[in-house]
Amino acid sequence: MTFSSTYIRSCVDAGDMAAATDALGRPHRVEGVVVHGDGRGRGLGFPTANIAPPMYAAIPADGVYAAWFTVLDSGSPVDGLETGLRYCAAVSVGTNPTFSGRNRTVEAFVLDEEADLYGQHVAVDFVERLRGMEKFDSVEALISAMHRDADRARDLLVEGA
Ligand SMILES: Cc1cc2nc3c(=O)[nH]c(=O)nc-3n(C[C@H](O)[C@H](O)[C@H](O)COP(=O)(O)O)c2cc1C
C-alpha cells in the first residue's frame, strides 16, 4: 500500500504520529540545528535543545510527544551524547503559553542525559503524541506535567523499542 504525501502531511499536522509512522514505515523525522532558547529550561530542571528546523519542515501539531533524539554527524565533537545513537526524549512543540511566548518552538528534553548540544545538527523522530500544549497557572504545575511526560515517554519508547 502506498500513501500520498498529502495524507502523510495531514497526519503530521494533526499530531497523529502513529498514523504517520504506519504510512511512512518509520517515524516522521524533523531535523535542525540546536539554537539558544530563552534559557529558562535549565532552571526548571528540564534543559531542552531548541531545534531550528528548515522552513519547509512538516512540524507536528502543537503538543508534547515521545520521540527519539539523534545527533547527526556534524564533524564537530559532541560533549555528552554519542553521534548516531538514538536517545529517549520528550519533545514540546508550541509557543510556551505558560510564559506567554510568541514563537513556535520545537524543544527536545533528552531523558537521563547531560549534553551541550548548541550548534549540533540533530534529528527528532516523533513516535507518539502525549498531550496538547497547556497554559499552566504556575511553574510548579508545568514542572509536574513535564515529569509525567518524561516518565510516559520513557515507558513508551523503552517498551516499544
Ligand atoms: C516535555 C515538555 C513539556 C512541555 N509542556 C509545556 C506546556 O504544556 N506548556 C508550556 O507552556 N510549555 C511547555 N513546555 C515548554 C517549556 O515551557 C519550555 O521548555 C521552557 O519554558 C524552557 O524554554 P527555553 O528553552 O526557551 O528557555 C514543555 C517542555 C517540555 C520539555
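Residues numbered from 1 in each chain as written. Predicted model: local features only at pLDDT ≥ 70, side-chain atom pairs only at ≥ 80, totals over all residues. Heavy atoms only, no water.

Engineer: Would you mind showing me how to read the sheet that holds strand S5 (residues 105-110) here?
Structural biologist: Pairing between sheet strands relies on hydrogen bonds along the backbone, with the strands arranged either parallel or antiparallel. On the basis of which strands lie adjacent, the closed barrel formed by 6 strands has the order S1-S2-S5-S4-S3-S6 and antiparallel pairing. On average, each strand axis in the sheet is tilted by 45° relative to the strand beside it, whichever way the strands run. Pairing between strand S3 (residues 63-71) and strand S6 (residues 121-131): 8 bridges, direction antiparallel. When the bridges of S6 are listed, tyrosine 65 appears paired with arginine 129. Together, strand S1 (28-35), S3 and S6 form the strand contacts of helix H2 (residues 17-24), whose direction differs from that of S6 by roughly 125°. (Pairing = 2+ DSSP bridges. Helix = DSSP H or I, 4+ residues; strand = E, 2+ residues; numbered from the N terminus. Axes fitted to C-alpha atoms, helices over the stretch in contact; angles between N-to-C directions. Contact = heavy atoms within 4.5 Å.)

Engineer: Looking at this structure, how should I read the site of the ligand?
Structural biologist: What surrounds the ligand is a group of 24 residues, the closest being Arg40, Thr98, Glu107, Arg131 and Glu134. One nitrogen or oxygen atom from the side chain of threonine 48 is found 3.2 Å from an oxygen atom belonging to the ligand. Within the side chain of glutamate 107, a nitrogen or oxygen atom sits 2.5 Å from an oxygen atom of the ligand. Relative to its free-state accessible area of 630 Å², the ligand is covered by the protein chains to the extent of 98%. The set of elements that each furnish at least two residues to the shell around the ligand consists of helix H3 (41-44), strand S4 (86-94), S5 and helix H4 (139-160). (Near = heavy atom within 4 Å. Polar contact = N/O pair within 3.5 Å; in protein donor to acceptor, adjacent residues only side chain to side chain. Areas by Shrake-Rupley, 256 points an atom, 1.4 Å probe, with all protein chains shown as cover.)

Engineer: Just to check I follow, could you spell out the pattern of salt bridges for this structure?
Structural biologist: Oppositely charged side chains may form a pair once their charged atoms are brought near each other. Considering all chains together, one arrives at 8 salt bridges under this definition. For glutamate 134, the salt bridge identified is with arginine 131, shortest N-O distance 4.0 Å. We note a salt bridge from arginine 131 to aspartate 149, for which the minimum N-O separation is 2.8 Å. Taken together, the residues span a long stretch of sequence, with arginine 131 in strand S6 and aspartate 149 in helix H4 at a distance of 18 residues. Aspartate 149 matches arginine 131 in its accessibility class, with the two residues each being buried. Counted as one network, the salt bridges with shared partners bring together Asp112, Asp151 and Arg154. (Salt bridge = Lys/Arg side-chain N within 4 Å of Asp/Glu carboxyl O. Buried < 20%, exposed > 50% of the residue type's maximum accessible area, 1.4 Å probe, protein only.)

Engineer: What is the right way to look at the nonpolar core in this model?
Structural biologist: One recurring pattern in soluble globular proteins is that nonpolar side chains are buried together. By size, the foremost hydrophobic cluster in this structure holds 28 residues, and its most contacted members are Phe69, Val91, Leu117 and Phe126. Those elements that provide at least two residues to this core are helix H1 (5-13), H2, S1, strand S2 (49-52), S3, S4, S5 and S6. The residues contacting phenylalanine 126, other than those within four sequence positions of it, are Met17, Thr21, Pro27, His28, Val30, Pro60, Tyr65, Ala66, Ala67, Val91, Val93 and Val106. Ranked by size, the runner-up nonpolar core spans 17 residues in total, among them Val64, Ala66, Trp68 and Leu157. (Core = buried A, V, L, I, M, F, W, Y, C linked by side-chain atoms within 4.5 Å.)

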